[in-house]
Amino acid sequence: MAHEIELKLALPKSAHAAFGRQPLLRNAADRQSVKLFNIYYDTPDLALRERGIALRLRREGERWLQTVKCASETRAGLSFRPEWETPYHGHFDFSPIDDAAVADWLGKKRIRERLLPVFETNFQRTLWRVETTNARLAVMLDKGWIVAAGRRESISEVEIELIEGNIDELFSLARTLAMHQPLVPVRQSKAERGYSLYKSVLPAPARARQVELDATVGPLKALQRIALSCLEHLQDNRIGAMVSDDPEYIHQMRVAARRLRAALRLFQPVLPAGFTDEILPALRAHMAVLGQARDLDVLLVEIAEPVLAAHPDDPQLAELIGVLTERRHEARQRVAELLGSPAFGRDQLLFLGRFHLLFSTSPEPSSGLPTLRSFAHERLQRLRRKVLKLAQRARSDDPVSLHTLRIAIKRLRYALEFFAPLAARKSVERTVAALAGLQDVFGQINDLVNANRLLSECAGSDERLSAAAQAIIANHEAREQELLARVPEALASLRELPLPRLRATHQP
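Right, let's walk through the structure included here. Owing to the predicted nature of the structure, the values given are computational and were not obtained by experimental measurement.

With respect to the overall build of the chain
Thought 1: Counting secondary structure elements, the chain contains 18 helices and ten strands.
Thought 2: Relative to a compact globule of 508 residues, whose C-alpha radius of gyration would be 23 Å, the chain shows 26 Å and is just as compact.
Thought 3: Counting every position in the chain, which comprises 508 residues, the buried fraction comes to 50%.
Thought 4: Contacts spanning at least 24 positions in sequence make up 73% of the contacts within the chain whose residues lie at least 6 apart.
Thought 5: Approximately 24000 Å² of the chain is accessible, and the part contributed by carbon and sulfur atoms is 49%.
Thought 6: Taking the 72 positively charged and 63 negatively charged side chains of the chain as two groups, their mean positions are separated by 4 Å.

Examining helix α16 (residues 463-475)
Thought 1: Taking 1.5 Å per residue, 13 residues should reach 18 Å; α16 reaches 18 Å between its end C-alpha atoms and fits that length.
Thought 2: Looking at α16, one finds that the buried residues are Leu465, Ala468, Ala469, Ile472 and Ile473. Around the axis of α16, the buried residues are gathered within 140° of arc, so they sit on the same side.
Thought 3: Tucked inside the fold, the buried residues of α16 contact α10 (279-310), α11 (315-339), α15 (425-459) and α17 (477-485).
Thought 4: By the N-cap criterion, in which a side-chain oxygen at the helix start approaches the backbone nitrogen of a residue two or three places on, α16 is capped by Asp462, the distance to Arg464 being 2.9 Å.

With respect to empty space enclosed by the protein
Gaps between atoms show up when a probe of the same size as a water molecule is rolled over them.
Thought 1: Following the criterion strictly, the structure yields four cavities of 30 Å³ or more and no others.
Thought 2: Approximately 60 Å³ is the volume attributed to the largest cavity.
Thought 3: Lining the largest cavity, in full, are Asp295, Val298, Leu299, Ile303, Asp447, Asn450, Ala451 and Leu454.
Thought 4: For the lining of the largest cavity, the elements supplying multiple residues, two or more each, are α10 and α15.
Thought 5: In terms of residue class, the lining of the second largest cavity is made up of six nonpolar, no polar and one charged.

Describing the layout of surface pockets
Thought 1: The volume enclosed by the second largest pocket comes to roughly 1200 Å³.
Thought 2: Around the second largest pocket sit 47 residues that line it, and His251, Val255, Arg258, Lys410 and Gln439 are the ones nearest its centre.
Thought 3: Broken down by secondary-structure element, the contributors of at least two residues to the lining of the second largest pocket are α9 (248-266), α10, α11, α14 (399-418) and α15.
Thought 4: Sorting elements by how many residues they give to the lining of the second largest pocket places α15 first, with eleven residues.

Some words on unusual backbone geometry
Thought 1: The phi dihedral of Leu46 falls on the positive side, at around 55°, and the residue is not glycine.
Thought 2: Inspection of the secondary structure puts Leu46 in the loop between β2 (30-42) and α3 (47-51).
Thought 3: Relative accessible area serves as the criterion here: at 11%, Leu46 is assigned to the buried category.
Thought 4: One non-glycine residue, Ser200, adopts positive backbone phi at about 60°.

Topic: the pairing of strand β8 (residues 135-148)
Thought 1: In terms of burial, β8 is largely enclosed, as ten of its 14 residues are buried.
Thought 2: Relative to β8, strand β7 (residues 116-131) runs antiparallel, the two sharing twelve bridges. Counterpart to Leu127 in the pairing with β8 is Met140.
Thought 3: Between β7 and β8, which pair antiparallel in sequence order, lie three residues.
Thought 4: The pairing of β8 with strand β9 (residues 151-165) spans 14 bridges and is antiparallel. Opposite Leu137, over in β9, you have Leu162 as the bridge partner.
Thought 5: Between β8 and β9, which follow one another and run antiparallel, lie two residues, and Ala149 among them has a positive phi close to 50°.

Some words on the packing of α14 against α15
Thought 1: Viewed as axis vectors pointing N to C, α14 and α15 meet at an angle of 150°, and their least axial separation amounts to 9 Å. Classified by the angle between their axes, α14 and α15 sit roughly antiparallel to one another. The element α14 and its partner α15 pack so that their crossing is left-handed. Contact with α14, carried on its side by Pro399, Leu402, His403, Leu405, Arg406, Ile409, Lys410, Leu412, Arg413, Leu416 and Glu417, involves Val428, Thr431, Val432, Leu435, Ala436, Leu438, Gln439, Phe442, Gly443, Ile445, Asn446 and Val449 of α15 and no other residues of that element.
Thought 2: Tallied by class, the residues present in the contact of α14 with α15 amount to 14 nonpolar, five polar and four charged.

Points about the nonpolar core
Thought 1: Counting 131 residues, the largest nonpolar core has Phe19, Val139, Ile160, Phe355 and Leu405 as the members making the most contacts within it.
Thought 2: Counting residues in each nonpolar core, the second largest holds 20 residues, with Ile53, Leu57, Ile97 and Leu115 among its members.

Considerations on helix α13 (residues 372-393)
Thought 1: In this model, α13 (22 residues) spans 32 Å end to end at C-alpha, consistent with the 32 Å of a helix rising 1.5 Å per residue.
Thought 2: Along α13, the residues that are buried comprise Leu372, Phe375, Ala376, Arg379, Leu380, Leu383, Val387, Leu390 and Ala391. Along the axis of α13, the buried residues cluster in a sector spanning 135°; they form a single face. Seen from the buried face of α13, the exposed residues on the opposite side, beyond 90 degrees, are Gln392 and Arg393.
Thought 3: Buried residues along α13 sit against α8 (219-243), α9, α14 and α18 (487-495).

Structural notes on a positive patch on the surface
Thought 1: Judged by side-chain charge, Arg265, Arg382, Arg385, Lys386, Lys389 and Arg393 come together as a positively charged surface patch.
Thought 2: Among the elements that take part in the positive patch, α13 stands out by supplying five residues, more than any other.
Thought 3: As for its position among the elements, Arg393 is in helix α13.
Thought 4: Look at Arg393 and you get exposed, because its relative accessible area is 52%.

A closer look at the pattern of salt bridges
Thought 1: Considering all chains together, one arrives at 32 salt bridges under this definition.
Thought 2: Put simply, Glu157 and Lys190 hold a salt bridge, and the shortest N to O gap is 2.5 Å. Placement of Glu157 in strand β9 and of Lys190 in helix α7 (residues 190-198) is noted, with a sequence separation of 33 residues between them. Here the two residues Glu157 and Lys190 agree in accessibility, since each one is buried.
Thought 3: For Arg413, the salt bridge is made with Glu417, and the minimal N-O distance between the two is 3.2 Å. Residue Arg413 and its partner Glu417 are located together in helix α14, separated by four residues, close to a single helical turn.
Thought 4: Residues participating in the shared-partner salt-bridge network are Lys8, Arg125, Asp142, Glu157, Glu159 and Lys190.

Conventions we followed
- Residues numbered from 1 in each chain as written.
- Predicted model: local features only at pLDDT ≥ 70, side-chain atom pairs only at ≥ 80, totals over all residues.
- Heavy atoms only, no water.
- Helix = DSSP H or I, 4+ residues; strand = E, 2+ residues; numbered from the N terminus.
- Rg over C-alpha atoms; globule rule 2.2 N^0.38 Å.
- Buried < 20%, exposed > 50% of the residue type's maximum accessible area, 1.4 Å probe, protein only.
- Contact = heavy atoms within 4.5 Å.
- Areas by Shrake-Rupley, 256 points an atom, 1.4 Å probe, with all protein chains shown as cover.
- Lys, Arg positive; Asp, Glu negative; His and termini not counted.
- Charge placed at Lys NZ, Arg CZ, Asp CG, Glu CD.
- Expected span 1.5 Å × (residues − 1).
- Arc of directions from axis to C-beta.
- Polar contact = N/O pair within 3.5 Å; in protein donor to acceptor, adjacent residues only side chain to side chain.
- 1 Å grid on protein atoms, 1.4 Å probe; cavity = no way out; pocket = protein on both sides within 12 Å on 5 of 7 lines; lining within 4 Å.
- Points joined across faces, edges and corners; volume = space filled by probe spheres on them.
- Nonpolar A, V, L, I, M, F, W, Y, C, P; charged D, E, K, R; others polar.
- Pairing = 2+ DSSP bridges.
- Axes fitted to C-alpha atoms, helices over the stretch in contact; angles between N-to-C directions.
- Parallel < 35°, antiparallel > 145°, perpendicular 65-115°, else oblique.
- Left-handed = near helix turned anticlockwise from the far one by under 90°.
- Core = buried A, V, L, I, M, F, W, Y, C linked by side-chain atoms within 4.5 Å.
- Patch = residues over 30% accessible without salt bridge, like charges linked within 9 Å, V, L, I, M, F, W, Y side chains within 5 Å.
- Salt bridge = Lys/Arg side-chain N within 4 Å of Asp/Glu carboxyl O.

Coordinates in, geometry out; function isn't part of it.
So, in structure tokens, the structure goes:
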């Protein structure tokens, strides 16, 4: 059995030639080019996929190879997984698999006799073998197609496999290759994409997933899992944010970035000195570009367009909304430029490398760090005290105080979501739902405050557009007053909101 450690990166087709001309690859120890045809097999009910097993036949020249891969740890583009590769002689042979459970399951009659092709991949692979002082690596550029159920999707990606040596060499090589090329980590494998195509799964914005945690892991391991989940959340929405008109993709990328920043703040006491020095500035830069587009999406869709729908014969409103639409288009173009840039790919590789290598530069939990339960308890109590302190200062006639409180509520909510596996599910859900409701009230107030500013900027010195901007604000005055009237009750409810009790041990 071999263990495959590889990093998967997206690369636009337009960058293929320039990628291959990089000095590091031109000076590689070896270069090969081969056409690979692969057939992936499963049962009609996709039992292999359900069990986390991939079965593939690959044609290389005149020979066929059988490969079995098992799902293992795949985190934000970097995968660690066992695989068994053997020659194929006209029938499947699972006897070389040295994992008895895998071999026995694949050999069952109800599995073996129901196997059929579900999708194919057909691509040209250019492979460079690169040797550094401390490692041997393979760099593979794949370009071609995935075909399933009469449909196909393009393949355009780079894989970097660590053959021998330290894993930090893999990230170092990736960052070097990304200096001038837009190489961005991606989570989905070719097999995952093939299954999605086979099942006709339509693209959709991805939301944050629950992180697997229990009380037996230390704070640093918890941060690693949380941070890598945030990076996956970013990755899963990147293409949609670049090409789709659905504003939810950009919103979800912004949420992912905020969650990552909140996690870094939450775990700051146990992080090594200087760990976030490069991460936070890059993260803030990404959030600024995403935030501009998101603010304009909210302004146009939730605030301005409903007013035009109520007054369709007002040409000044239509003209102002035209200006807003153009502003939003420009903001989305900046998002697409950022997400398709070499700088964004380098930043993502920086984040990914730092979190994967966290334990090589930091003490293990046994070296004096608190248990995760005690750490979570202290941090949640601290965040709750901060929320209550800001709630005492908040006033309905002071939008800045409400905005500051909203941010604190959001950080407490994220922390509860991160630590949710350590507490009773229903208790966490109740508290998170209550915080989300409060956050929504203060968020709508903040949206209306921002709308006033953005509308004034868009109207500029044009009196007609300024009048249209005021008309939009006036149409929302009743809603704003209703929201402000709810503030005292919302502030009072915070004082009564309990934190869930954390368990001493993990319970499923």
